[in-house]
Amino acid sequence: MINFHPDNALLAAYAADTLPLSMTLAVAIHVEFCPACAQRVADFERRLAESVLIAEPADAPAEPAFDDMLSYILAQPAEPLALPAAEPAIEINGQSFWLPRALRHIGRQNWQQMGDIGRSRLLLDEASSGRASLMFLSAGASVPQHTHKGMELTLPISGAFRDELGEYIPGDFILRDSRIAHQPRSKEGCLCFALLDAPVQFTQGLPRILNNFGDLLY
Ligand SMILES: [Zn+2]
């Protein structure tokens, strides 16, 4: 069962379409996994639609163009139109993984591998909102213990991982700030969506070796 969810402020901002693209993707992936948050998003969208209707004074003659626009909006299906799946699965190290709908049309860099950790950066062309990547931890992989100068969002897509604070499964929306030092590891292997808004800082080990890891993670 999914234990970690975006808070209401994030879900409301997602419904209002005011989040940066990288965070929009993160919430969209979670919502694909989580019927409870999908319902909350639908509630926020309904309230937004109602506030548009209430904002229009009842006695003012409505502009025909506005009426047309409104009936067009209300006639749209509640669910986003399903685009043909260009790439429903991705291949990593000979294994095939299901890819969330939100990620299927996003370009990615080639996989970069360091030891048993791989990364493919998403091409979002959006420098201000952090760096989004797919991360792949092979079975038995562990990331050196680190903390963050900023925010770290991790969302498992396939497989589980754990750190000092718990165990996480596909769909978990794990948002951490700079106060947390942790060492993620995966017993069976794990494909994750990862979003960082600043480089990681390693808390132990040899800086020279770890700098390469830092480049891979950010
Ligand atoms: Zn949720």
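Since this is a predicted model, take the numbers as computed values, not measurements.

1. Some words on the pattern of salt bridges
Move 1: According to the stated counting rule, one finds 4 salt bridges in the structure shown.
Move 2: For the salt bridge of Arg 46 with Asp 43, the shortest nitrogen-to-oxygen distance reads 3.7 Å. Of the two residues, Arg 46 and Asp 43 both sit in helix α3 (residues 35-55), 3 residues apart, roughly one turn of that helix.
Move 3: Given a relative accessible area of 23%, Asp 43 falls into the partly exposed group.

2. So, the nonpolar core
Move 1: One finds Met 23, Leu 103, Leu 122 and Phe 193 to be the most contacted residues of the largest nonpolar core, which totals 35 residues.
Move 2: Contributing elements (two or more residues each) for this core: α1 (8-15), α2 (21-33), α3, β1 (89-92), β5 (131-137), β7 (152-159) and β11 (190-196).
Move 3: The element best represented in this core is α2, accounting for 6 residues.
Move 4: Counting contributing residues per domain, this core is built from domain 1 (8-75) and domain 2 (89-217), each supplying no fewer than three.
Move 5: One finds Leu 137, Ala 141, Val 143 and Ala 194 within the second-largest nonpolar core, a separate group that totals 6 residues.

3. Comments concerning the coordination of the zinc ion
Around a metal, the idealised angle for a tetrahedral arrangement of four donor atoms is 109.5 degrees; for an octahedral arrangement of six donor atoms it is 90 or 180 degrees.
Move 1: For the zinc ion, the full set of protein donor atoms is His 5 (ND1), His 30 (NE2), Cys 34 (SG) and Cys 37 (SG), at a range of 2.0 to 2.3 Å.
Move 2: Around the zinc ion, the 4 donor atoms sit at angles spanning 104 to 116°, and that spread fits a shape best called tetrahedral.
Move 3: For Cys 37, a relative accessible area of 1% corresponds to the buried category.

4. A word on the side chain of Asp 172
Move 1: Its place among the elements puts Asp 172 in the loop between β9 (166-168) and β10 (174-176).
Move 2: It is Arg 176 that comes nearest to the buried, bridge-free Asp 172 among opposite-charge side chains, at 9.1 Å.
Move 3: Side-chain polar atoms of Asp 172 contact the backbone nitrogen of Phe 4, separated by 3.0 Å.
Move 4: What Asp 172 contacts, discounting residues up to four positions off in sequence, is Ile 2, Asn 3, Phe 4, Thr 154, Leu 155, Pro 156 and Glu 167.

5. Comments concerning the pairing of β7
Move 1: Among the 8 residues of β7, 6 are classified as buried, and the element is accordingly described as predominantly covered.
Move 2: Two strands pair when backbone bridges link them, and β7 and β11 are joined in this way by 7 bridges, in the antiparallel orientation. The residue of β11 that forms the bridge with Leu 155 is Phe 193.

6. Looking at α3
Move 1: The end-to-end C-alpha distance of α3 is 30 Å, a good match for the 30 Å that 21 residues give at a rise of 1.5 Å each.
Move 2: Every buried residue belonging to α3 is among Cys 37, Val 41 and Phe 44, and all of these are buried. Summarising the axial view, the buried residues of α3 lie within an arc of 60°, below the 170-degree limit, and thus occupy one face. Exposed residues lying more than 90 degrees from the buried face of α3 are Pro 35 and Ile 54.
Move 3: Where α3 is buried, its residues meet α1 and α2.

About the cut-offs
- Residues numbered from 1 in each chain as written.
- Predicted model: local features only at pLDDT ≥ 70, side-chain atom pairs only at ≥ 80, totals over all residues.
- Heavy atoms only, no water.
- Salt bridge = Lys/Arg side-chain N within 4 Å of Asp/Glu carboxyl O.
- Helix = DSSP H or I, 4+ residues; strand = E, 2+ residues; numbered from the N terminus.
- Buried < 20%, exposed > 50% of the residue type's maximum accessible area, 1.4 Å probe, protein only.
- Core = buried A, V, L, I, M, F, W, Y, C linked by side-chain atoms within 4.5 Å.
- Domains from an automatic or database assignment.
- Donors = N, O, S within 2.8 Å, 3.2 Å for Na, K, Ca; no water.
- Tetrahedral: all angles 85-135°; square planar, octahedral: opposite > 155°, others 65-115°.
- Lys, Arg positive; Asp, Glu negative; His and termini not counted.
- Polar contact = N/O pair within 3.5 Å; in protein donor to acceptor, adjacent residues only side chain to side chain.
- Contact = heavy atoms within 4.5 Å.
- Pairing = 2+ DSSP bridges.
- Expected span 1.5 Å × (residues − 1).
- Arc of directions from axis to C-beta.

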